[in-house]
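Breakdown of the fold
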Amino acid sequence: MKRMFEAAGIRMINNKGEKHGTITARLHNENFEVTTLRVDVQTNGRHAEVEFTTDWQKDAERRDLTINSMFLGLDGTLYDYFQGYDDLLNQKIRFVGNAEQRIQEDYLRILRYFRFYGRVALKPDDHEPETLAAIRKNGCGLAAISGERIWVELKKMVTGSHVAHLLELMYNLELAQYIGLPPDGNVEEMKRVCQNTETHSPKPMTILAALFHGPEEVEKMDIRLKVSREEKTLALFLVKHRKELCKSDSEANSLKPFTDFIIDSRELDSQSKVCELLKYQGESKVLAELCHWSIPRFPVNGHDLRRMGINSGKDIGATMQKLRDIWKKSNYVMDKEELLSWLNT
């Protein structure tokens, strides 16, 4: 491969992958990873020592799923040693050969199975019993897989189809404890949230937050999976506010509790978080309104108060909050003069 790229004048970068048989070619400002045929010499459930081969079937034998074990020749010929094409047509997900052996070569394949199931399978519960038995038997192997690798697969799975079914199945197979999810997660709440968010493209954490009973479980998840700061704060936000920040039936403006919260929080991503909360709660109408709402600018600042003789930092803070509350009650329409006139009453 290297000689071929060199002859064509194609630059190669990042030679760290060469020991695994992977060359990264840089072409038209894009990177293309090209990997030669390999066979596994030794596996430990996480990584494999490989040797290179010229045997296409040997390479196919080391693949995880039948749909991932096909090759296409430059002339359009399909090389399919394990009926992957038929499985794709029938929307079936199967391991190559013996499921337990494939899983024990790399336990992350358990999550890859669920992820591809959500991408390919038509029915939510069309698994082969022996596959589920192999997953249940070997689920503890996920404990040795890095949290970062687990989180990559989990996020992809949660953005696919059959999410509620797959997460519930993972609990039934006793996998949750090994992948950062609470062992006694609230599966019924998760199923409700999946239904609420079905047409709203929720963030992965919006779905998973339903499983957590409290913030301490979010902290444990973060320790195991090493999620991003944004993902963790979203989970904590949803767990804290899913019941206390809700649409008010007594308010003429159903959007008001949420816009008031955004105004008070003054965080850059507060509107985005509240949108995820509305998806979680199934408030489609309010969500649509909030997506078209722009945060209004509070018309008073500290300089205005100093010009009126209020100089203490503490007094300025208290006065600003008082004026902000008045402004919110006016539905954010009072201007600077109207607000400052309240200080003379």
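In case you missed it, the structure is sitting above this.
Structure report, in brief. Nothing here was measured: the structure is a model prediction, and the numbers come from that model. (Residues numbered from 1 in each chain as written. Predicted model: local features only at pLDDT ≥ 70, side-chain atom pairs only at ≥ 80, totals over all residues. Heavy atoms only, no water.)

**Looking at the overall build of the protein chain**
Of regular secondary structure, the protein chain possesses 18 helices and seven strands. Relative to the compact-globule value of 20 Å for 345 residues, the protein chain shows a C-alpha radius of gyration of 27 Å, a clear excess of over 25%. Residues counted as buried form 47% of the 345 residues belonging to the protein chain. Sequence-distant contacts, at least 24 apart, represent 59% of the contacts inside the protein chain between residues at least 6 apart. (Helix = DSSP H or I, 4+ residues; strand = E, 2+ residues; numbered from the N terminus. Rg over C-alpha atoms; globule rule 2.2 N^0.38 Å. Buried < 20%, exposed > 50% of the residue type's maximum accessible area, 1.4 Å probe, protein only. Contact = heavy atoms within 4.5 Å.)

**Topic: the environment of Asp-40**
Position of Asp-40 among the secondary structure elements: in strand β4 (residues 38-43). With relative accessibility at 24%, the residue Asp-40 sits in the partly exposed group. Between the C-alpha atom of Asp-40 and that of Pro-202, which follows or precedes it by 162 residues, the distance is 39 Å.

**Describing the sheet that holds strand β1 (residues 11-13)**
Pairing within the open sheet is antiparallel, and its three strands lie in the order β1-β2-β3. Only two strands of the sheet have a single neighbouring strand rather than two, namely β1 and β3 (30-35). This sheet shows a mean twist of 40° between the axes of neighbouring strands, independent of strand direction. With six bridges connecting them, strand β2 (residues 22-27) and β3 associate as antiparallel partners. Counted as the bridge partner of Ala-25 is Phe-32 from β3. (Pairing = 2+ DSSP bridges. Axes fitted to C-alpha atoms, helices over the stretch in contact; angles between N-to-C directions.)

**Notes on the nonpolar core**
Among the nonpolar cores identified, the biggest contains 84 residues, and Phe-114, Leu-154, Leu-167, Met-170, Leu-181, Met-205 and Leu-208 are the most heavily contacted of them. Among the elements that make up this core, the one with the highest residue count is helix α5 (residues 109-120) (seven residues). Aside from chain neighbours lying at most four places away, what touches Leu-181 is Leu-154, Leu-167, Tyr-171, Ala-176, Leu-208 and Leu-211. (Core = buried A, V, L, I, M, F, W, Y, C linked by side-chain atoms within 4.5 Å.)

**Details of the pairing of β2**
Note: β1 against β2, three bridges, orientation antiparallel. Opposite Arg-11, over in β2, you have Arg-26 as the bridge partner.

**Here's the deal with the packing of aromatic side chains**
Tallied over the full model, the rule gives eight aromatic pairs. Ring centres 4.9 Å apart and planes at 70° place the aromatic pair Trp-56 and Phe-71 in the edge-to-face group. With Trp-56 in helix α2 (residues 56-61) and Phe-71 in strand β6 (residues 70-72), the pair connects residues that are 15 residues apart, well separated along the chain. Aromatic rings pair up to connect Phe-95, Tyr-113, Phe-114 and Tyr-117 into one cluster. When the ring centre of Phe-298 is taken as reference, the NZ or CZ atom of Arg-324 above it lies at 4.5 Å. (Phe/Tyr/Trp six-rings, centres within 6.5 Å; stacked < 30°, edge-to-face > 60°. Lys NZ or Arg CZ within 6 Å of the ring centre and 35° of its normal.)

**Re unusual backbone geometry**
With a phi angle near 65°, Asn-29 is a residue other than glycine that sits in the positive phi range. Its location among the elements puts Asn-29 in the loop between β2 and β3. On the accessibility criterion, Asn-29 (67% relative accessible area) is exposed. Positive phi, close to 50°, is recorded for Ser-201, a residue that is not glycine. Position of Ser-201 among the secondary structure elements: in the loop between α9 (187-196) and α10 (204-208). For Ser-201, a relative accessible area of 62% translates into the label exposed.

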